[in-house]
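These are the residues of each chain, in order.
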Amino acid sequence: MSKNSLIYNNIFVYRLLMNLLYKGNYKRRFAGICKLIFGTKVTELCFGDIIIAEYCKTNKIDWKGIDINEKFTSQAIKKGHNAELNDINRLEKFPKADTCIMCGSLYHFNGSLENLFSRLLECAPRIIISEPIINLSNSKGIIGKIAKLSATVKGQKQNFRFTKETLLETLSNLSAKFNFKFQIIEQFEKDLIILITR
Ligand SMILES: C[S@@+](CC[C@H](N)C(=O)[O-])C[C@H]1O[C@@H](n2cnc3c(N)ncnc32)[C@H](O)[C@@H]1O
């Protein structure tokens, strides 16, 4: 079986290390995303943690999450969330929702963004993307080491990261092709939060 980074093998280790990467603001980073949720049905792709799922539960929003990591999906299921273990590259369609969310994961799909976006736009009229635009893998010390650890999923190392310029250029090209609107909502720590509507 192919291996995940240490960071992806245990949700508690994951939270600890992510909190270091977000300078203690790991949980707070989801507040900016949650406030953009619209409607009663959310599909979260590559969810990793259940912070958005918990928000949805509290607010009576139907949440469905998909992730390739069995540790993360089993933890979510144990907590009563509707999580599915799957590689989203293998899914022809994503579950229909009012809002579709992808946080911290777009860079994994850089080689197949057109394919991904056609499915995202089919999935929901409102898409929230939160994406790191500062590559901490190049940082010195513990932060750089943690960022490098978070770059391996199922034995595949992901060296690619967006910058603000490349992310916005990519979204402009995709919006011209697929005819959607996008706006930057805010930058939180190293992430740009973007709202996409048709
Ligand atoms: C950097 S983590 C981000 C997790 C979480 N969304 C966050 O922002 O903290 C990337 C997540 O994408 C998941 N992932 C990567 N490739 C995937 C794929 N092909 N299908 C489903 N999930 C995938 C990983 O298991 C991991 O949970």
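Scroll up for the structure.
Residues numbered from 1 in each chain as written. Predicted model: local features only at pLDDT ≥ 70, side-chain atom pairs only at ≥ 80, totals over all residues. Heavy atoms only, no water.

**Student:** Could you give an account of the overall build of the protein chain, with specific residues and numbers?
**Tutor:** The number of helices and strands found in the protein chain is seven helices and nine strands. Against the globule reference of 16 Å for 198 residues, the protein chain gives a C-alpha radius of gyration of 16 Å, in line with a compact fold. With the C-alpha coordinates aligned to their principal axes, the bounding extent of the protein chain is approximately 40 × 40 × 35 Å. Counting every position in the protein chain, which comprises 198 residues, the buried fraction comes to 51%. A separation threshold of at least 6 residues defines the contact pool for the protein chain, and within that pool the share at least 24 residues apart is 64%. Separation of charge centres in the protein chain, based on 30 positive and 18 negative side chains, amounts to 5 Å. (Helix = DSSP H or I, 4+ residues; strand = E, 2+ residues; numbered from the N terminus. Rg over C-alpha atoms; globule rule 2.2 N^0.38 Å. Buried < 20%, exposed > 50% of the residue type's maximum accessible area, 1.4 Å probe, protein only. Contact = heavy atoms within 4.5 Å. Lys, Arg positive; Asp, Glu negative; His and termini not counted. Charge placed at Lys NZ, Arg CZ, Asp CG, Glu CD.)

**Student:** Go over the sheet that holds strand S9 (residues 191-197), please, and point to the residues and values.
**Tutor:** Reading across from one edge, S3-S2-S1-S4-S5-S9-S8 is the order of the seven strands in this open sheet, with mixed pairing throughout. One side of each edge strand has no neighbouring strand; the edge strands of this open sheet are strand S3 (82-85) and strand S8 (181-188). In this sheet, neighbouring strand axes are inclined to one another by 20 degrees on average, regardless of whether the strands run parallel or antiparallel. When strand S1 (residues 41-45) meets strand S4 (residues 99-103), the two strands line up parallel, connected through four bridges. Bridge assignment links Val42 to a residue of S4, and that residue is Thr99. (Pairing = 2+ DSSP bridges. Axes fitted to C-alpha atoms, helices over the stretch in contact; angles between N-to-C directions.)

**Student:** Mind laying out the site of the ligand, listing which residues take part and the relevant values?
**Tutor:** Surrounding the ligand, one finds 22 residues, the nearest of these being Tyr14, Arg29, Cys46, Asp67 and Asp87. Within the contact set of the ligand, an oxygen atom lies 2.8 Å away from a side-chain nitrogen or oxygen of Tyr14. For the ligand, a nitrogen atom lies 2.9 Å from a polar atom in the backbone of Ile88. For the ligand, whose unbound accessible area comes to 600 Å², protein coverage reaches 96%. Looking at the shell around the ligand residue by residue, the class counts come to twelve nonpolar, seven polar and three charged. (Near = heavy atom within 4 Å. Polar contact = N/O pair within 3.5 Å; in protein donor to acceptor, adjacent residues only side chain to side chain. Areas by Shrake-Rupley, 256 points an atom, 1.4 Å probe, with all protein chains shown as cover. Nonpolar A, V, L, I, M, F, W, Y, C, P; charged D, E, K, R; others polar.)

**Student:** Explain the nonpolar core to me, using residue names and the numbers behind them.
**Tutor:** Ranked by internal contacts, the top residues of the largest apolar core, which has 65 residues, are Ile52, Ile88 and Phe117. Among the elements that line this core, the one with the most residues is helix H5 (residues 113-123), at six residues. What Ile52 contacts, discounting residues up to four positions off in sequence, is Phe30, Ile33, Cys34, Ile37, Glu44, Trp63, Ile101 and Cys103. (Core = buried A, V, L, I, M, F, W, Y, C linked by side-chain atoms within 4.5 Å.)

**Student:** Could you give an account of helix H7 (residues 164-178), naming the residues involved and the relevant values?
**Tutor:** Spanning 15 residues, H7 covers 21 Å between terminal C-alpha atoms, matching the ideal 21 Å at 1.5 Å per step. Where the residues of H7 are buried, they touch H5, strand S5 (126-132), S8 and S9. Residue Asn179 follows H7 closely and has a positive phi angle near 60 degrees. (Expected span 1.5 Å × (residues − 1).)

**Student:** Outline the packing of aromatic side chains, listing residues and values.
**Tutor:** Counting across every chain of the model gives ten aromatic pairs. Judged by centre distance (6.3 Å) and plane angle (85 degrees), the rings of Tyr14 and Tyr26 are edge-to-face. Here Tyr14, found in helix H1 (residues 11-21), pairs with Tyr26, found in the loop between H1 and helix H2 (31-34); they are twelve residues apart in sequence, far enough to count as distant. Geometrically, the ring pair formed by Phe117 and Phe180 is stacked, given 5.7 Å between the ring centres and 20 degrees between the ring planes. In this pair, Phe117 sits in helix H5 while Phe180 sits in the loop between H7 and S8, placing the two residues 63 residues apart along the sequence. The class of Phe117 is buried, set by a relative accessible area of 0%. (Phe/Tyr/Trp six-rings, centres within 6.5 Å; stacked < 30°, edge-to-face > 60°.)

**Student:** Explain helix H3 (residues 51-58) residue by residue, including any values.
**Tutor:** For H3, the full list of buried residues reads Ile51, Ile52, Ala53 and Cys56. Buried residues belonging to H3 abut H2, S1, strand S2 (62-67) and S4. Immediately beyond the C-terminal end of H3, within one or two residues, lies Lys60, with a positive phi of roughly 55 degrees.

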